[in-house]
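One-letter residues, chain by chain:
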Amino acid sequence: FIFGSSGTGVDRAPDAVAGLIPYDCLIIYQADLALRQLRPVLVRDPHAEQIMLYGTCPFGQGISGLVAERLEAILSNDVDLDHRGFAGGRGLGRAA
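Here's what I pulled together on the structure shown here. Computed from a predicted model, the values in this text were never measured in an experiment.

**Looking at the side chain of D82**
Phase 1: Looking at the element boundaries, D82 is found in the segment after α3 (62-70).
Phase 2: Apart from the residues within four sequence positions on either side, D82 is in contact with I63 and S76.

And the structure:
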């Protein structure tokens, strides 16, 4: 399932990424530097609607928030088992 705005070029990104790196879930965020939040703008995941409804992710929370805060990539082969994905109790319940 895909949620996001079409016609922006962002909607073509999942296919381009999938050609290079296989993934189970892809979320593209827009960073709000003033509020220190990530806002999902495109989600390709079976739980896409839930992820979009969940809204923003603060810098420093979860894997994506840590990447935004530290400006460093994180390699996680299984986010369902990676404790950083559930920092502060922000997991989306995908492990259950």
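**A word on α3**
Each full turn of the α-helix corresponds to 3.6 residues, which orients residues three or four apart in the same direction.
Phase 1: Within α3 the residues assigned to the buried category are G62, I63, G65, L66 and A68.
Phase 2: Looking at the buried side of α3, the elements it contacts are β3 (37-44) and β4 (57-58).
Phase 3: A positive backbone phi angle near 55° is found at L71, which sits one or two residues after α3.

**Concerning the pattern of salt bridges**
Phase 1: Counted under the stated rule, the structure contains two salt bridges.
Phase 2: Where R39 meets D32, a salt bridge forms, and the shortest distance between an N and an O atom there is 3.6 Å.
Phase 3: A salt bridge links R36 to E69; its shortest N-O distance comes to 3.1 Å. Taken together, the residues R36 in the loop between β2 (26-32) and β3 and E69 in helix α3 connect sequence positions 33 residues apart.
Phase 4: The exposure class of E69 is partly exposed, given its relative accessible area of 40%.

**Thoughts on unusual backbone geometry**
Phase 1: Even without glycine at this site, R36 takes up a positive phi of about 55°.
Phase 2: Unusually for a residue other than glycine, L71 sits at a positive phi of about 55°.
Phase 3: Tracing the backbone through its elements, the reader meets L71 in the segment after α3.

**Describing the pairing of β3**
Phase 1: Inspection of the sheet shows β2 paired to β3 by seven bridges, in the antiparallel sense. When the sheet's bridge partners are listed, I28 is paired in β3 with L42.
Phase 2: Remark: four residues form the turn of the hairpin made by β2 and β3, two consecutive strands paired antiparallel; R36 in that turn has positive phi of roughly 55°.
Phase 3: Inspection of the sheet shows β3 paired to β4 by two bridges, in the antiparallel sense. Within β4, the residue paired with L38 across the bridge is C57.

**Notes on the environment of E69**
Phase 1: A sequence separation of 10 residues divides E69 from F59, and the C-alpha atoms of the two residues are 5.2 Å apart.
Phase 2: Those residues in contact with E69 that lie beyond four places of it in its chain are R36, F59 and G60.
Phase 3: Polar contacts involving the side chain of E69 include one to the side chain of R36, which spans 3.1 Å.

**Digging into the environment of P46**
Phase 1: Relative to the helices and strands, P46 resides in the loop between β3 and α2 (48-54).
Phase 2: Spatially, the C-alpha atom of P46 lies 8.0 Å from that of C25, the residues being 21 residues apart in sequence.

**Some details on the environment of P58**
Phase 1: Looking at where P58 falls in the secondary structure, it is placed in strand β4.
Phase 2: In this structure P58 comes out as partly exposed when scored by relative accessible area, which is 26%.
Phase 3: Sequence separation between P58 and R36 is 22 residues, and the spatial gap between their C-alpha atoms is 6.0 Å.

Cut-off values and rules
- Within every chain, residues take consecutive numbers counted from 1 along the sequence as written.
- In keeping with the predicted nature of the model, local features appear solely for residues at pLDDT of at least 70, side-chain atom pairs appear and are counted solely at 80 or more, and the whole-chain, interface and lining totals rest on all residues.
- Values shown for side chains rest on all heavy atoms present in the structure; no hydrogens or waters enter the calculation.
- Only runs of H or I of at least four residues qualify as helices and only runs of E of at least two qualify as strands under DSSP, and these elements are numbered from the N terminus.
- Contact criterion: two residues are considered in contact whenever any of their non-hydrogen atoms come within 4.5 Å of each other.
- Partly exposed residues are those whose accessible area sits between 20% and 50% of the maximum for their type, while under 20% is buried and over 50% is exposed, using a 1.4 Å probe and protein chains only.
- Any Lys or Arg side-chain nitrogen found within 4 Å of a carboxyl oxygen on Asp or Glu counts as a salt bridge.
- We call two strands paired when DSSP finds no fewer than two bridges between them.
- Side-chain atoms alone can form a polar contact between residues adjacent in sequence; in general such a contact is a pair of N or O atoms within 3.5 Å, and within protein one must be able to donate a hydrogen while the other accepts it.

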